[in-house]
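# Breakdown of the fold
One-letter residues, chain by chain:
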Amino acid sequence: MSEQQIPAFLERIKTDKSLAEALLDAKTPAEVIRLAAQAGLDCTAAEISQWQATRAVSRLVESGICPNGLRWRSLHGPGGIHVQFVGASASFGLWCPSC
């Protein structure tokens, strides 16, 4: 899998309420990786600070808020496209191994 699959993953987050809810409630990078894998995305994830997940970025691709309050954005970063989530208790960065 590659970063080209990130847009499809983001579309799924927008339409799959159970996935968005599970990501909102995720507490560990392992949970995010498991949820992404179940949605068909091979990725790596790490917990990041809320500041990092919400600070202004110069290379924003897309951002949004799911009806349940899950905030997300995709951006160009070192090596490719990255996704950042702001959950209920933790924030995460997500990227594909090929990035």
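Look a little higher up for the structure.
Reference entry: report on the structure contained in this document. (Residues numbered from 1 in each chain as written. Predicted model: local features only at pLDDT ≥ 70, side-chain atom pairs only at ≥ 80, totals over all residues. Heavy atoms only, no water.)

## A look at helix 2 (residues 17-25)
Among the residues of helix 2, those classed as buried are Leu19, Ala20, Leu23 and Leu24. An end-on view of helix 2 places all buried positions within 135° of arc, on one side of the element. Exposed and oriented more than 90 degrees from the buried face of helix 2 are Lys17 and Ser18. Contacts made by the buried residues of helix 2 are with helix 1 (6-15), helix 3 (29-38) and strand 4 (80-86). (Buried < 20%, exposed > 50% of the residue type's maximum accessible area, 1.4 Å probe, protein only. Helix = DSSP H or I, 4+ residues; strand = E, 2+ residues; numbered from the N terminus. Arc of directions from axis to C-beta. Contact = heavy atoms within 4.5 Å.)

## Details of the pairing of strand 4
A large share of strand 4 lies buried, amounting to seven of its seven residues. Counting the residues that bridge the hairpin from strand 3 (residues 71-77) to strand 4 gives two residues, and of these Gly79 lies at a positive phi of roughly 85°. The turn joining strand 4 and strand 5 (residues 91-95), which pair antiparallel and follow one another in sequence, is formed by four residues. (Pairing = 2+ DSSP bridges.)

## Considering the sheet that holds strand 4
Strands sit in the order 1-5-4-3-2 across an open sheet of five strands; the sheet is antiparallel. Pairing within the sheet leaves two strands with one partner each, and these edge strands are strand 1 (44-48) and strand 2 (60-65). Geometrically, the sheet is characterised by an average inter-axis angle of 20° between neighbouring strands, direction not taken into account. Pairing analysis gives five bridges linking strand 1 to strand 5, with the strands arranged antiparallel. By the bridge assignment, Thr44 is partnered in strand 5 with Trp95. Across the sheet, helix 1 touches strand 2, strand 3, strand 4 and strand 5, and the angle it forms with strand 4 is around 20°. (Axes fitted to C-alpha atoms, helices over the stretch in contact; angles between N-to-C directions.)

## Observations concerning the pattern of salt bridges
All chains considered together, the criterion is met by three salt bridges. A salt bridge links Glu11 to Lys14; its shortest N-O distance comes to 2.8 Å. With a gap of three residues between them, Glu11 and Lys14 both fall in helix 1, about one helical turn apart. Of the residues examined, Glu11 reaches a relative accessible area of 42% and is grouped as partly exposed. Under the relative-accessibility criterion, Lys14 is labelled partly exposed at 33%. Across the pair Glu62 and Lys14 runs a salt bridge, and its minimum N-O distance is 2.7 Å. Taken together, the residues span a long stretch of sequence, with Glu62 in strand 2 and Lys14 in helix 1 at a distance of 48 residues. One salt-bridge network, in which partners are shared between bridges, spans Glu11, Lys14 and Glu62. (Salt bridge = Lys/Arg side-chain N within 4 Å of Asp/Glu carboxyl O.)

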